[in-house]
Structure formats: structure tokens, C-alpha cells
Amino acid sequence: MASADRYYKDFHALAKRPLTKNPKIYYLIGEHMLGAQIGAGLGYIIFDGNLNNPPKRVYETLLQRVEELKERFVRETTKKSLKIPINKVGVYALNVLDT
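Predicted model, so just to flag it, every value in this text is computed and none were measured. (Residues numbered from 1 in each chain as written. Predicted model: local features only at pLDDT ≥ 70, side-chain atom pairs only at ≥ 80, totals over all residues. Heavy atoms only, no water.)

**Some words on helix H4 (residues 66–79)**
Taking 1.5 Å of rise per residue, 14 residues should cover 20 Å, and H4 covers 20 Å from first to last C-alpha, within 8% of that figure. Looking at H4, one finds that the buried residues are Val66, Leu69, Lys70, Arg72, Phe73, Val74 and Thr77. Downstream of H4 by one or two residues, Ser81 has phi in the positive range, about 70°. (Helix = DSSP H or I, 4+ residues; strand = E, 2+ residues; numbered from the N terminus. Expected span 1.5 Å × (residues − 1). Buried < 20%, exposed > 50% of the residue type's maximum accessible area, 1.4 Å probe, protein only.)

Structure representation (C-alpha cells):
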């Protein structure tokens, strides 16, 4: 159970604590803790709202870290032999409705 708790805490780290120093990268496909999406995503989870709750705001502190997180993402994926150009890295919304 401790590993599941650690996974959950790491998954929501940035969304709950925007100043998290070493966030984990996640690969999301199909069903996951935030619902389901079409396609797949690789990156940091910066928002954890869902369609069953009232809309939430993203922390301003976290939005200010987007460029830093993009650079970190490229460094981390390069260590794993992935070559993702910085101009292909951005903020993408999965499972979000424009209200």
C-alpha cells in the first residue's frame, strides 16, 4: 500500500505543491486517475481537476514555472535516450472542457 500512496503523492505533487523540486514525469494513456483521454501524454501533471467538481484554478506559481519545467523535461527525457526538441514541448490539456 505504501507504493500506491507514494505513486499517488508523486502524481499530484505539482498540482498540490507547485514548488516541488523534483517532480516525476508520467506517461498517460487511456484510463488513469484523472479520467480518460484520447491519445497519450508524457510529462508532468500540473493540474488535477475533474469533471465531477467545480472548476479549479491552476496555481500562478506553477504557471510561472512552465519554461523551467519544459527545460527540465528535455533534460530528463534526454537521459533516457529520447530526443524531444524544446519547440515540441508545451502545456497540453487532457480531459478538460472549456466552461
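**Some words on the pattern of salt bridges**
In the structure shown here, the tally under the stated rule is 4 salt bridges. For the salt bridge of Asp10 with Arg6, the shortest nitrogen-to-oxygen distance reads 3.1 Å. Highlighted residues: Asp10 and Arg6, both in helix H1 (residues 2–11), separated by 4 residues, approximately one helical turn. The partner of Glu76 in a salt bridge is Lys79, with the nearest N and O atoms 3.3 Å apart. Here Glu76 pairs with Lys79, and both are found in helix H4, just 3 residues apart, close to one helical turn. (Salt bridge = Lys/Arg side-chain N within 4 Å of Asp/Glu carboxyl O.)

**Here's the deal with the environment of Val66**
Tracing the sequence through the fold places Val66 in helix H4. Exposure remark for Val66: the relative accessible area of 15% places this residue in the buried category. Along the backbone, Val66 and Val91 are 25 residues apart, and their C-alpha atoms lie at a distance of 7.7 Å.

**Concerning the packing of aromatic side chains**
For the structure on display, the rule yields 4 aromatic pairs. Ring plane angle 85° and centroid distance 5.3 Å describe the contact between Tyr7 and Tyr26, whose orientation is recorded as edge-to-face. Of this pair, Tyr7 sits in helix H1 while Tyr26 is found in strand E1 (residues 26–32), placing the two residues 19 residues apart along the sequence. A residue is classified by how much of its surface remains accessible, and Tyr26, at 8% relative accessible area, is buried. Ring geometry for Phe11 versus Tyr26: centroids 5.0 Å apart, planes at 70°, classification edge-to-face. With Phe11 in helix H1 and Tyr26 in strand E1, this pair connects stretches of sequence that are 15 residues apart. Its relative accessible area of 1% is what places Phe11 among the buried residues. (Phe/Tyr/Trp six-rings, centres within 6.5 Å; stacked < 30°, edge-to-face > 60°.)

**Quick notes on the environment of Val91**
Within the secondary structure, Val91 sits in the segment after H4. On the accessibility criterion, Val91 (52% relative accessible area) is exposed. Sequence separation between Val91 and Gly43 is 48 residues, and the spatial gap between their C-alpha atoms is 9.1 Å. In contact with Val91, other than residues within four places in its own chain, are Ile46 and Val66. (Contact = heavy atoms within 4.5 Å.)

**Section: the confidence of the model for the protein**
Low-pLDDT stretches of the model should not have their predicted coordinates read in fine detail. With 82% of its residues at a pLDDT of 70 or more, the protein has an overall mean of 84. Confidence scores differ between elements of the protein, with strand E2 (residues 35–43) showing the lowest mean pLDDT of 73 and H4 the highest of 96. (pLDDT = per-residue confidence, 0-100.)

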